[in-house]
Amino acid sequence: MTSEQKELIKDTIPVLKTNGIDLTKHFYKRMFFHNPELRDIFNMGNQANGNQQNALAGAVLAYAEHIDNPSLLINTLETIGNKHVSLNITPNQYDIVGLHLLASIKEVLADKATDDIIEAWTQAYNQLAAIMISIEEKLYQNNLTKKGGWKGWRAFIISSIVDESTEVKSFYLEPKDKKDIPEYFPGQYITVKMFIPILGYEQPRQYSLSSVFIPNHYRISVKKETGNERIPDGAVSNHLHEKKIGDEIWVSSPSGTFYADIAPDDSLVLISGGVGVTPMMSILEAFGTSRIGNNVVWLHGCRNEESHAFKSEVEVMQQNHDWLSSFIFYEETAIENERIRKGRIDLYALQAKILIEDAKYYICGPEPFIKVQYSSLITLGVNKQNIFYEEFGPQLLQIN
(Lines give C-alpha, C1' and ligand atoms only; values in the text may rest on other atoms or scores of the structure.)
Protein backbone atom coordinates (compact mmCIF):
# COMPACT_ATOMS: atom_id res chain seq x y z
CA MET A 1 0.00 0.00 0.00
CA THR A 2 1.15 3.55 -0.69
CA SER A 3 1.30 6.17 2.07
CA GLU A 4 -1.51 8.05 0.28
CA GLN A 5 -3.73 4.97 0.37
CA LYS A 6 -3.04 4.47 4.07
CA GLU A 7 -4.09 8.07 4.70
CA LEU A 8 -7.31 7.45 2.77
CA ILE A 9 -8.01 4.40 4.94
CA LYS A 10 -7.47 6.50 8.09
CA ASP A 11 -9.77 9.18 6.66
CA THR A 12 -12.61 6.62 6.70
CA ILE A 13 -12.27 5.94 10.44
CA PRO A 14 -14.93 8.51 11.48
CA VAL A 15 -17.34 7.02 8.93
CA LEU A 16 -16.65 3.49 10.20
CA LYS A 17 -17.37 4.62 13.75
CA THR A 18 -20.78 5.95 12.77
CA ASN A 19 -21.74 3.58 9.93
CA GLY A 20 -19.78 0.43 10.77
CA ILE A 21 -22.78 -1.64 11.91
CA ASP A 22 -24.86 -0.57 8.90
CA LEU A 23 -21.95 -1.61 6.69
CA THR A 24 -21.51 -5.07 8.22
CA LYS A 25 -25.26 -5.77 8.28
CA HIS A 26 -25.42 -4.91 4.58
CA PHE A 27 -22.31 -7.00 3.90
CA TYR A 28 -23.67 -10.17 5.48
CA LYS A 29 -27.10 -9.76 3.87
CA ARG A 30 -25.45 -9.28 0.48
CA MET A 31 -23.03 -12.17 0.87
CA PHE A 32 -25.60 -14.71 2.01
CA PHE A 33 -27.93 -13.68 -0.83
CA HIS A 34 -25.25 -14.24 -3.48
CA ASN A 35 -23.43 -17.10 -1.72
CA PRO A 36 -26.02 -18.97 0.41
CA GLU A 37 -23.63 -21.92 0.76
CA LEU A 38 -21.67 -19.85 3.29
CA ARG A 39 -24.51 -20.26 5.78
CA ASP A 40 -22.99 -23.70 6.42
CA ILE A 41 -19.82 -22.00 7.69
CA PHE A 42 -21.04 -18.96 9.60
CA ASN A 43 -22.77 -19.15 12.97
CA MET A 44 -26.27 -18.05 11.99
CA GLY A 45 -27.26 -17.67 15.63
CA ASN A 46 -24.69 -14.90 15.96
CA GLN A 47 -26.07 -13.42 12.75
CA ALA A 48 -29.55 -13.33 14.28
CA ASN A 49 -28.49 -11.68 17.54
CA GLY A 50 -26.17 -9.18 15.86
CA ASN A 51 -22.98 -10.32 17.58
CA GLN A 52 -21.23 -11.25 14.35
CA GLN A 53 -22.02 -7.90 12.75
CA ASN A 54 -20.73 -6.06 15.82
CA ALA A 55 -17.56 -8.14 15.88
CA LEU A 56 -16.83 -7.53 12.21
CA ALA A 57 -17.49 -3.79 12.54
CA GLY A 58 -15.01 -3.67 15.43
CA ALA A 59 -12.45 -5.66 13.45
CA VAL A 60 -12.72 -3.43 10.36
CA LEU A 61 -12.36 -0.32 12.53
CA ALA A 62 -9.36 -1.76 14.40
CA TYR A 63 -7.67 -2.65 11.12
CA ALA A 64 -8.20 0.88 9.78
CA GLU A 65 -6.80 2.36 12.99
CA HIS A 66 -3.68 0.16 12.71
CA ILE A 67 -3.21 0.34 8.96
CA ASP A 68 0.32 1.73 9.38
CA ASN A 69 1.38 -1.34 11.33
CA PRO A 70 -1.09 -4.28 11.23
CA SER A 71 1.43 -6.44 13.12
CA LEU A 72 0.23 -4.71 16.30
CA LEU A 73 -2.96 -6.74 15.85
CA ILE A 74 -1.14 -10.06 15.55
CA ASN A 75 -2.64 -11.59 18.72
CA THR A 76 -6.15 -10.82 17.50
CA LEU A 77 -5.35 -12.05 13.99
CA GLU A 78 -3.96 -15.32 15.35
CA THR A 79 -7.13 -15.84 17.42
CA ILE A 80 -9.25 -15.27 14.31
CA GLY A 81 -6.92 -17.51 12.30
CA ASN A 82 -7.41 -20.36 14.77
CA LYS A 83 -11.17 -19.94 14.47
CA HIS A 84 -10.92 -19.97 10.67
CA VAL A 85 -8.80 -23.12 10.68
CA SER A 86 -11.35 -24.80 12.93
CA LEU A 87 -13.94 -23.99 10.23
CA ASN A 88 -11.71 -25.15 7.36
CA ILE A 89 -11.68 -21.71 5.72
CA THR A 90 -9.92 -21.72 2.33
CA PRO A 91 -8.13 -18.93 0.40
CA ASN A 92 -10.84 -18.72 -2.29
CA GLN A 93 -13.37 -17.81 0.40
CA TYR A 94 -11.32 -14.69 1.11
CA ASP A 95 -12.00 -13.70 -2.50
CA ILE A 96 -15.74 -14.06 -1.93
CA VAL A 97 -15.65 -12.06 1.30
CA GLY A 98 -13.51 -9.37 -0.30
CA LEU A 99 -15.87 -9.03 -3.25
CA HIS A 100 -18.90 -8.46 -1.03
CA LEU A 101 -17.11 -6.31 1.55
CA LEU A 102 -15.79 -3.88 -1.06
CA ALA A 103 -19.14 -3.78 -2.82
CA SER A 104 -20.83 -3.09 0.52
CA ILE A 105 -18.46 -0.21 1.28
CA LYS A 106 -19.41 1.34 -2.05
CA GLU A 107 -23.13 0.74 -1.63
CA VAL A 108 -23.42 1.88 2.01
CA LEU A 109 -21.06 4.85 1.90
CA ALA A 110 -22.40 5.93 -1.52
CA ASP A 111 -20.85 9.26 -2.60
CA LYS A 112 -18.29 9.09 0.22
CA ALA A 113 -16.82 5.96 -1.38
CA THR A 114 -14.74 7.55 -4.11
CA ASP A 115 -12.78 5.47 -6.59
CA ASP A 116 -9.59 6.29 -4.69
CA ILE A 117 -11.10 5.12 -1.39
CA ILE A 118 -12.36 1.88 -2.94
CA GLU A 119 -8.92 1.24 -4.44
CA ALA A 120 -7.29 1.95 -1.06
CA TRP A 121 -9.64 -0.47 0.69
CA THR A 122 -9.02 -3.05 -2.06
CA GLN A 123 -5.31 -2.91 -1.33
CA ALA A 124 -5.94 -2.92 2.43
CA TYR A 125 -8.19 -5.97 2.21
CA ASN A 126 -5.75 -7.84 -0.03
CA GLN A 127 -3.00 -7.12 2.48
CA LEU A 128 -5.12 -8.41 5.36
CA ALA A 129 -6.22 -11.49 3.40
CA ALA A 130 -2.59 -12.34 2.63
CA ILE A 131 -1.69 -12.06 6.33
CA MET A 132 -4.61 -14.28 7.37
CA ILE A 133 -3.98 -16.89 4.66
CA SER A 134 -0.33 -17.11 5.75
CA ILE A 135 -1.28 -17.52 9.43
CA GLU A 136 -3.85 -20.17 8.60
CA GLU A 137 -1.61 -22.14 6.26
CA LYS A 138 0.98 -22.44 9.03
CA LEU A 139 -1.73 -23.66 11.42
CA TYR A 140 -3.02 -26.20 8.89
CA GLN A 141 0.49 -27.52 8.33
CA ASN A 142 1.15 -27.65 12.06
CA ASN A 143 -2.00 -29.75 12.53
CA LEU A 144 -0.87 -32.16 9.84
CA THR A 145 2.54 -32.69 11.48
CA LYS A 146 0.99 -33.83 14.76
CA LYS A 147 0.48 -37.52 15.45
CA GLY A 148 -3.10 -38.21 14.41
CA GLY A 149 -3.52 -34.70 13.00
CA TRP A 150 -5.83 -33.87 10.10
CA LYS A 151 -7.11 -30.96 8.04
CA GLY A 152 -10.79 -30.22 7.50
CA TRP A 153 -13.60 -32.38 8.87
CA ARG A 154 -13.38 -35.88 10.31
CA ALA A 155 -16.18 -38.21 11.36
CA PHE A 156 -16.50 -38.96 15.09
CA ILE A 157 -18.93 -41.21 16.94
CA ILE A 158 -20.59 -40.29 20.24
CA SER A 159 -19.44 -43.10 22.52
CA SER A 160 -20.89 -41.85 25.81
CA ILE A 161 -23.16 -39.08 27.14
CA VAL A 162 -23.02 -37.94 30.78
CA ASP A 163 -25.29 -35.47 32.57
CA GLU A 164 -23.07 -32.96 34.37
CA SER A 165 -25.92 -30.73 35.62
CA THR A 166 -29.52 -29.92 34.76
CA GLU A 167 -28.21 -27.90 31.79
CA VAL A 168 -24.89 -29.45 30.74
CA LYS A 169 -24.14 -32.78 29.11
CA SER A 170 -20.72 -34.20 28.33
CA PHE A 171 -20.24 -35.93 24.99
CA TYR A 172 -17.37 -38.38 24.53
CA LEU A 173 -16.30 -38.45 20.89
CA GLU A 174 -14.25 -41.25 19.33
CA PRO A 175 -12.87 -41.13 15.77
CA LYS A 176 -14.92 -43.27 13.41
CA ASP A 177 -11.77 -44.48 11.66
CA LYS A 178 -10.27 -45.65 15.00
CA LYS A 179 -6.99 -43.91 14.16
CA ASP A 180 -4.92 -41.64 16.40
CA ILE A 181 -6.11 -38.21 17.40
CA PRO A 182 -3.75 -35.31 18.19
CA GLU A 183 -3.03 -33.93 21.63
CA TYR A 184 -4.09 -30.42 22.56
CA PHE A 185 -3.23 -27.73 25.06
CA PRO A 186 -5.67 -27.60 28.02
CA GLY A 187 -8.16 -24.83 27.29
CA GLN A 188 -8.38 -25.33 23.51
CA TYR A 189 -11.55 -26.22 21.61
CA ILE A 190 -12.79 -28.33 18.75
CA THR A 191 -15.47 -27.41 16.23
CA VAL A 192 -18.38 -29.75 15.60
CA LYS A 193 -20.60 -29.53 12.52
CA MET A 194 -24.09 -30.94 12.18
CA PHE A 195 -27.06 -30.61 9.86
CA ILE A 196 -29.79 -28.74 11.76
CA PRO A 197 -33.23 -29.81 10.47
CA ILE A 198 -35.13 -26.76 11.73
CA LEU A 199 -32.70 -24.50 9.84
CA GLY A 200 -32.25 -26.63 6.73
CA TYR A 201 -28.47 -26.33 6.59
CA GLU A 202 -25.32 -27.31 8.47
CA GLN A 203 -24.02 -25.31 11.40
CA PRO A 204 -20.60 -25.37 13.09
CA ARG A 205 -19.99 -24.57 16.74
CA GLN A 206 -16.83 -24.35 18.83
CA TYR A 207 -16.84 -26.24 22.13
CA SER A 208 -14.02 -26.28 24.64
CA LEU A 209 -12.39 -29.62 25.33
CA SER A 210 -13.38 -30.24 28.94
CA SER A 211 -10.84 -32.84 30.08
CA VAL A 212 -7.14 -33.53 30.04
CA PHE A 213 -6.10 -35.25 26.82
CA ILE A 214 -6.98 -38.96 26.64
CA PRO A 215 -5.66 -40.76 23.54
CA ASN A 216 -8.86 -42.47 22.35
CA HIS A 217 -11.47 -39.71 22.64
CA TYR A 218 -12.30 -36.03 23.04
CA ARG A 219 -14.77 -34.73 25.60
CA ILE A 220 -16.92 -31.63 25.15
CA SER A 221 -19.48 -30.44 27.67
CA VAL A 222 -22.38 -28.50 26.22
CA LYS A 223 -25.01 -26.33 27.85
CA LYS A 224 -28.50 -26.58 26.40
CA GLU A 225 -29.21 -22.96 25.58
CA THR A 226 -32.78 -21.95 26.30
CA GLY A 227 -34.09 -18.70 24.88
CA ASN A 228 -36.75 -16.19 25.77
CA GLU A 229 -39.26 -13.94 24.02
CA ARG A 230 -36.43 -12.06 22.25
CA ILE A 231 -33.85 -14.80 21.70
CA PRO A 232 -34.76 -18.29 20.39
CA ASP A 233 -33.40 -21.49 21.87
CA GLY A 234 -29.90 -22.43 20.78
CA ALA A 235 -30.56 -24.53 17.66
CA VAL A 236 -27.22 -26.36 17.72
CA SER A 237 -26.96 -27.02 21.47
CA ASN A 238 -30.55 -28.24 21.59
CA HIS A 239 -29.99 -30.52 18.61
CA LEU A 240 -26.80 -31.87 20.16
CA HIS A 241 -28.63 -32.60 23.42
CA GLU A 242 -31.02 -34.78 21.41
CA LYS A 243 -28.17 -36.91 20.02
CA LYS A 244 -27.77 -40.53 21.10
CA ILE A 245 -24.81 -42.82 21.71
CA GLY A 246 -23.64 -44.10 18.33
CA ASP A 247 -24.60 -40.96 16.42
CA GLU A 248 -22.04 -39.44 14.06
CA ILE A 249 -20.87 -35.83 13.94
CA TRP A 250 -18.13 -33.98 12.07
CA VAL A 251 -15.19 -32.59 14.01
CA SER A 252 -12.23 -30.36 13.18
CA SER A 253 -8.79 -30.59 14.79
CA PRO A 254 -8.20 -28.84 18.16
CA SER A 255 -7.56 -25.09 17.90
CA GLY A 256 -7.45 -21.97 20.02
CA THR A 257 -5.10 -19.42 21.54
CA PHE A 258 -6.60 -19.58 25.05
CA TYR A 259 -4.76 -22.35 26.85
CA ALA A 260 -2.40 -23.09 29.72
CA ASP A 261 1.01 -24.37 28.70
CA ILE A 262 1.55 -26.04 32.05
CA ALA A 263 4.89 -25.39 33.73
CA PRO A 264 5.80 -27.03 37.07
CA ASP A 265 6.35 -23.74 38.87
CA ASP A 266 3.15 -22.03 37.78
CA SER A 267 0.43 -21.09 40.23
CA LEU A 268 -2.95 -20.67 38.60
CA VAL A 269 -6.12 -18.78 39.46
CA LEU A 270 -9.01 -20.13 37.39
CA ILE A 271 -12.12 -17.93 37.25
CA SER A 272 -15.21 -19.19 35.43
CA GLY A 273 -18.86 -18.30 35.05
CA GLY A 274 -21.55 -20.76 33.96
CA VAL A 275 -20.48 -23.04 31.12
CA GLY A 276 -17.17 -21.15 31.05
CA VAL A 277 -16.13 -23.90 33.46
CA THR A 278 -15.44 -26.27 30.56
CA PRO A 279 -11.92 -25.17 29.50
CA MET A 280 -11.05 -24.69 33.17
CA MET A 281 -11.71 -28.38 33.82
CA SER A 282 -9.21 -29.28 31.13
CA ILE A 283 -6.64 -26.91 32.65
CA LEU A 284 -7.29 -28.14 36.18
CA GLU A 285 -6.96 -31.81 35.23
CA ALA A 286 -3.82 -31.16 33.19
CA PHE A 287 -2.27 -29.20 36.06
CA GLY A 288 -3.13 -31.96 38.50
CA THR A 289 -1.45 -34.64 36.41
CA SER A 290 1.74 -32.70 35.70
CA ARG A 291 2.35 -30.41 38.66
CA ILE A 292 5.36 -30.46 40.95
CA GLY A 293 4.57 -27.59 43.28
CA ASN A 294 2.57 -24.43 43.89
CA ASN A 295 -1.14 -23.84 44.01
CA VAL A 296 -4.38 -23.63 42.07
CA VAL A 297 -7.23 -21.40 43.20
CA TRP A 298 -10.56 -22.32 41.61
CA LEU A 299 -13.40 -19.79 41.52
CA HIS A 300 -16.67 -20.63 39.84
CA GLY A 301 -20.00 -18.84 39.71
CA CYS A 302 -23.34 -20.11 38.46
CA ARG A 303 -27.05 -19.81 39.19
CA ASN A 304 -27.47 -22.62 41.74
CA GLU A 305 -26.26 -26.05 42.78
CA GLU A 306 -28.44 -27.83 40.22
CA SER A 307 -26.86 -25.93 37.33
CA HIS A 308 -23.32 -26.44 38.65
CA ALA A 309 -21.38 -28.69 36.26
CA PHE A 310 -18.42 -30.76 37.53
CA LYS A 311 -19.28 -29.95 41.14
CA SER A 312 -18.40 -33.40 42.53
CA GLU A 313 -15.20 -33.75 40.48
CA VAL A 314 -13.76 -30.52 41.84
CA GLU A 315 -14.86 -31.38 45.39
CA VAL A 316 -13.01 -34.72 45.20
CA MET A 317 -9.86 -33.01 43.95
CA GLN A 318 -10.15 -30.41 46.71
CA GLN A 319 -10.40 -33.15 49.35
CA ASN A 320 -7.47 -35.16 47.97
CA HIS A 321 -5.00 -32.41 47.11
CA ASP A 322 -3.80 -29.63 49.38
CA TRP A 323 -2.58 -27.61 46.38
CA LEU A 324 -6.17 -26.87 45.33
CA SER A 325 -8.44 -24.29 46.95
CA SER A 326 -11.94 -23.87 45.52
CA PHE A 327 -14.60 -21.22 46.08
CA ILE A 328 -18.11 -21.40 44.66
CA PHE A 329 -20.57 -18.54 44.22
CA TYR A 330 -24.26 -19.33 43.75
CA GLU A 331 -26.82 -16.67 42.90
CA GLU A 332 -29.41 -18.86 44.60
CA THR A 333 -28.46 -20.87 47.68
CA ALA A 334 -29.51 -21.51 51.26
CA ILE A 335 -26.01 -22.69 52.19
CA GLU A 336 -23.13 -20.36 52.94
CA ASN A 337 -19.73 -21.19 54.38
CA GLU A 338 -16.05 -20.54 53.73
CA ARG A 339 -16.15 -22.25 50.34
CA ILE A 340 -19.74 -21.60 49.22
CA ARG A 341 -20.94 -18.02 49.01
CA LYS A 342 -24.13 -16.35 47.87
CA GLY A 343 -24.04 -13.88 45.03
CA ARG A 344 -21.69 -13.36 42.14
CA ILE A 345 -17.92 -13.83 42.18
CA ASP A 346 -16.28 -11.14 44.29
CA LEU A 347 -12.52 -11.09 43.81
CA TYR A 348 -12.05 -8.31 46.34
CA ALA A 349 -13.48 -10.52 49.08
CA LEU A 350 -10.94 -13.21 48.20
CA GLN A 351 -7.89 -11.10 47.45
CA ALA A 352 -5.91 -12.69 50.27
CA LYS A 353 -6.43 -16.06 48.54
CA ILE A 354 -5.92 -15.08 44.90
CA LEU A 355 -3.08 -12.56 44.97
CA ILE A 356 -0.17 -14.93 44.45
CA GLU A 357 3.17 -13.70 43.17
CA ASP A 358 3.69 -14.51 39.48
CA ALA A 359 0.43 -16.45 39.27
CA LYS A 360 -1.36 -16.72 35.95
CA TYR A 361 -5.06 -15.77 35.88
CA TYR A 362 -7.51 -17.39 33.45
CA ILE A 363 -11.04 -16.08 32.97
CA CYS A 364 -13.80 -17.70 30.93
CA GLY A 365 -17.46 -16.82 30.62
CA PRO A 366 -19.80 -14.36 28.92
CA GLU A 367 -18.66 -10.88 27.94
CA PRO A 368 -20.00 -8.96 31.01
CA PHE A 369 -18.50 -11.56 33.36
CA ILE A 370 -15.05 -11.26 31.78
CA LYS A 371 -15.13 -7.46 31.92
CA VAL A 372 -15.94 -7.46 35.65
CA GLN A 373 -13.28 -10.02 36.60
CA TYR A 374 -10.60 -8.46 34.40
CA SER A 375 -11.28 -5.00 35.83
CA SER A 376 -11.17 -6.37 39.38
CA LEU A 377 -7.81 -8.07 38.80
CA ILE A 378 -6.29 -4.90 37.33
CA THR A 379 -7.58 -2.86 40.28
CA LEU A 380 -6.06 -5.40 42.65
CA GLY A 381 -2.69 -4.86 41.01
CA VAL A 382 -2.37 -7.96 38.85
CA ASN A 383 -0.12 -7.46 35.83
CA LYS A 384 -2.28 -7.60 32.68
CA GLN A 385 0.41 -9.75 31.03
CA ASN A 386 -0.59 -12.50 33.49
CA ILE A 387 -4.32 -12.33 32.67
CA PHE A 388 -5.81 -14.48 29.92
CA TYR A 389 -9.45 -14.69 28.92
CA GLU A 390 -11.74 -16.60 26.57
CA GLU A 391 -15.00 -15.14 25.35
CA PHE A 392 -17.43 -17.69 23.93
CA GLY A 393 -18.73 -16.48 20.55
CA PRO A 394 -17.44 -13.70 18.28
CA GLN A 395 -14.51 -11.75 19.69
CA LEU A 396 -16.18 -8.55 20.92
CA LEU A 397 -13.82 -7.77 23.76
CA GLN A 398 -10.64 -5.73 23.34
CA ILE A 399 -9.60 -5.12 26.95
CA ASN A 400 -6.08 -6.50 27.03
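Residue positions are given per chain, counted from 1 along the sequence in the order it is written. In keeping with the model being predicted, local features are shown solely for residues with a pLDDT of at least 70 and side-chain atom pairs are shown and tallied solely at 80 or more, while totals for entire chains, interfaces and linings include all residues. Note: side-chain values were computed over all heavy atoms of the structure, leaving out hydrogens and water.

A. Region of the structure containing empty space enclosed by the protein. Each cavity reported here is a set of points on a 1 Å grid over the protein atoms alone in which a 1.4 Å probe fits but cannot get out, each pocket an open set with protein on both sides within 12 Å along at least five of seven lines, and each lining residue one with an atom within 4 Å of a point. Grid points are joined across faces, edges and corners, and a volume is the space filled by probe spheres set on the points. Under the criterion given, the structure shown has two cavities of 30 Å³ or more. There is about 70 Å³ of room inside the largest cavity. Lining the largest cavity are H308, K311, V314, E315, S326, I328, Y330, R339 and I340. Note on conventions: DSSP H or I runs of at least 4 residues are helices, E runs of at least 2 residues are strands, and numbering of each starts at the N terminus. Elements that contribute at least two residues to the lining of the largest cavity include exactly α10 (311–320) and β9 (324–330). Ten residue types, Ala, Val, Leu, Ile, Met, Phe, Trp, Tyr, Cys and Pro, are classed as nonpolar, four, Asp, Glu, Lys and Arg, as charged, and the remainder, Gly among them, as polar. Here the lining of the largest cavity is built from residues that sort into four nonpolar, two polar and three charged. Its boundaries defined by the atoms lining it, the second largest cavity holds a volume of some 40 Å³. The set of elements that each furnish at least two residues to the lining of the second largest cavity consists of α5 (74–86) and α7 (115–145). For the lining of the second largest cavity, a count of residues per class yields three nonpolar, six polar and one charged.

B. Quick peek at the sheet that holds strand β6 (residues 248–251). Paired strands, in this sense, are two strands between which DSSP finds at least two bridges. In spatial order, the strands read β4-β3-β6-β1-β2-β5; together these six strands make up an open sheet with antiparallel pairing. Taken across any chain shown, the strands that pair with only one partner, and hence form the sheet edges, are β4 (201–208) and β5 (218–223). Averaged over all pairs of adjacent strands, the angle between their axes in this sheet comes to 40 degrees, without regard to strand direction. Note that strand β2 (residues 168–175) and β5 share six bridges and pair antiparallel. Among the inter-strand pairings, S170 is bridged to a residue of β5, identified as S221. In what follows, a contact means two residues having at least one pair of non-hydrogen atoms within 4.5 Å. Only the stretch in contact is used when a helix axis is fitted, and all axes are lines through C-alpha atoms; the angle between N-to-C directions ranges over 0 to 180 degrees. With respect to the sheet, α5 is in contact with β3 (189–196) and β4, its orientation differing from that of β3 by roughly 45 degrees.

C. Focus on the environment of L102. Tracing the backbone shows L102 in helix α6 (residues 91–109). Distance in space between the C-alpha atoms of L102 and A113 is 9.9 Å, their sequence separation being eleven residues. Beyond its immediate chain neighbours, meaning those up to four positions away, L102 contacts I118, W121 and T122.

D. Looking closely at the pairing of strand β1 (residues 154–163). Two strands pair when backbone bridges link them, and β1 and β6 are joined in this way by four bridges, in the antiparallel orientation. Looking at β6, one finds that R154 is bridged to V251. One ladder, built from seven bridges, connects β1 with β2; its direction is antiparallel. Of the residues in β2, the one forming a bridge with I157 is E174. The hairpin formed by β1 and β2 contains four residues between the paired strands.

E. Up close: the side chain of K193. The topology assignment puts K193 in strand β3. Each residue's exposure class comes from its accessible area (1.4 Å probe, protein chains only) as a fraction of the maximum for that residue type: buried when under 20%, exposed when over 50%, partly exposed otherwise. K193 sits in the buried class, given a relative accessible area of 14%. Those residues in contact with K193, other than ones at most four positions away along the chain, are W153, E202, Q203, P204, I249 and W250.

F. Up close: the layout of surface pockets. Of the pockets and cavities examined, the second largest pocket occupies roughly 400 Å³. If you go around the second largest pocket, you meet 22 residues; those closest to its centre are N142, K146, E183, Y184 and Q188. Secondary structure elements with two or more residues in the lining of the second largest pocket: α5 and α7. The residue inventory of the lining of the second largest pocket, partitioned by class, reads ten nonpolar, seven polar and five charged.

G. Up close: the packing of helix α2 (residues 13–34) against helix α4 (residues 51–65). The interhelical angle for the contact between α2 and α4, taken along N-to-C directions, is 140 degrees, at an axis separation of 8 Å. The angle between α2 and α4 places the two elements in the oblique class. Regarding α2 and α4, the two cross each other, and that crossing is right-handed. Between α2, through I13, L16, K17, G20, I21, T24, K25, F27 and Y28, and α4, the contact on the second element is made entirely by Q52, Q53, N54, L56, A57, V60, L61, A64 and E65. Here the contact of α2 with α4 is composed, by residue class, of ten nonpolar, five polar and three charged. An angle below 35 degrees is treated as roughly parallel, one above 145 as roughly antiparallel, one from 65 to 115 as roughly perpendicular, and anything else as oblique. Handedness of a crossing follows from how the near helix is turned relative to the far one, being left-handed for an anticlockwise turn of less than a right angle and right-handed for a clockwise one.

H. Local environment of the state of the cysteines. The disulfide criterion is simple: two cysteine sulfur atoms within 2.5 Å. Considering all chains together, one arrives at zero disulfides under this definition. Of all cysteine sulfurs, the one in C364 lies closest to C302, which takes part in no disulfide; the gap is 14 Å. Of the residues examined, C364 reaches a relative accessible area of 0% and is grouped as buried.

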